[in-house]
Amino acid sequence: DPSTFGAAVGVDADGSRVLFGLDSDTATGEAGLLVGMEQRTGTLDIRDLAGTYEATALTFFVNPQTVSNGINSGTDAAVGLLTLSETGAFRFAMEGAAGSDFVYSGTMTGADDGTLTFTVNETNDQWFGAVDQAGKTIVALDGSVETNRNVPELNLFLCIRKPN
């Protein structure tokens, strides 16, 4: 259905652009989040992405339900670090809003247009993502609906490179 998004564009000193949009019209009973990144040009060397990134994970429950423990409120969040090696190994070490720790690890590959593929050891899933032109911002999406605590969910990761 048609939705109107309020949006903001962030432009870094090097010209990299990231777009965030929010559908906050509560009249439809739906909400939406839009994340866009300018397509990368040139070649991508995975070694240039090696380092540590501040990370946040947003979990969206596909079919929100009321549960007695209050965990399934429709969304959840976590913060932590994404560590990338020069060989493409990755590790998300995160802490959830309720204080639970979790880790996702595996290998990452990249294409020259900035698209990334994460192969996740813990779930045998492939996540898809993108990196900006400067290699400072990474967005990753677990596009497989997971069932955690018997509740279907989708996960979005937003990562910003930590300064050296």
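Structural data are supplied above this passage.
The present account deals with the structure reproduced in this document. (Residues numbered from 1 in each chain as written. Predicted model: local features only at pLDDT ≥ 70, side-chain atom pairs only at ≥ 80, totals over all residues. Heavy atoms only, no water.)

**So, the overall build of the protein chain**
For clarity, the threshold we go by: Helix and strand assignments come from DSSP, with helices taken as H or I runs of at least 4 residues and strands as E runs of at least 2, each series counted from the N terminus. Two residues qualify as a contact provided that any one of their heavy atoms is within 4.5 Å of a heavy atom in the partner residue. Throughout, the Shrake-Rupley method with a 1.4 Å probe supplies accessible areas, and for residues the shown protein chains are the sole cover considered.
Counting its secondary structure elements, the protein chain contains zero helices and eleven strands. When the helices and strands of the protein chain are placed in sequence order, the string is β-β-β-β-β-β-β-β-β-β-β. Restricting to contacts in the protein chain with at least 6 residues of sequence separation, those with at least 24 account for 43%. Looking at the protein chain as shown, the accessible area adds up to about 9400 Å², and 53% of this sits on carbon and sulfur atoms.

**Observations concerning the environment of Leu-82**
Using the following cut-off: Type-normalised accessible area, obtained with a 1.4 Å probe on protein chains alone, sets the label of each residue: buried when under 20%, exposed when over 50%, and partly exposed for intermediate values.
Relative to the helices and strands, Leu-82 resides in strand β5 (residues 75–84). By relative accessible area, Leu-82 is classed as buried at 0%. Along the chain, Leu-82 and Gly-51 lie 31 residues apart, while their C-alpha atoms are 8.3 Å from each other. Apart from the residues lying within four places of it in its own chain, the contact partners of Leu-82 are Gly-51, Thr-52, Tyr-53, Ala-55, Phe-90, Arg-91, Phe-92, Ile-138 and Cys-159.

**Section: the packing of aromatic side chains**
Quick reminder of the rule: Stacked, tilted and edge-to-face are the three classes applied to pairs of Phe, Tyr and Trp rings, where Trp contributes its six-membered ring and a pair requires centres within 6.5 Å; stacked means planes under 30 degrees apart, edge-to-face means over 60, and tilted covers the rest.
Taken as a whole, this structure holds nine aromatic pairs when the rule is applied. Ring plane angle 40° and centroid distance 4.5 Å describe the contact between Phe-92 and Phe-157, whose orientation is recorded as tilted. Taken together, the residues Phe-92 in strand β6 (residues 89–96) and Phe-157 in strand β11 (residues 151–161) connect sequence positions 65 residues apart. Judged by its relative accessible area of 1%, Phe-157 falls in the buried class. Judged by centre distance (5.7 Å) and plane angle (70°), the rings of Phe-102 and Tyr-104 are edge-to-face. For Phe-102, a relative accessible area of 27% gives the class partly exposed. Through successive ring pairs, a cluster of aromatic residues spans Phe-90, Phe-92, Phe-102, Tyr-104, Phe-118, Trp-127 and Phe-157.

**Observations concerning the nonpolar core**
Which entries qualify depends on this criterion: Definition of nonpolar core: a set of buried residues of the types Ala, Val, Leu, Ile, Met, Phe, Trp, Tyr and Cys, connected through side-chain atoms within 4.5 Å.
Judged by nonpolar contacts, the single largest core of 23 residues is most densely connected at Leu-49, Leu-82, Phe-92, Phe-118 and Ile-138. Counting only elements with at least two residues in this core, the list comes to β4 (51–61), β5, β6, β7 (101–110), β8 (115–120), β9 (126–131), β10 (137–148) and β11. Phe-92 has contacts with Ala-55, Leu-81, Leu-82, Phe-102, Val-103, Tyr-104, Phe-118, Trp-127, Phe-157 and Cys-159, leaving out every residue within four places of it along the chain.

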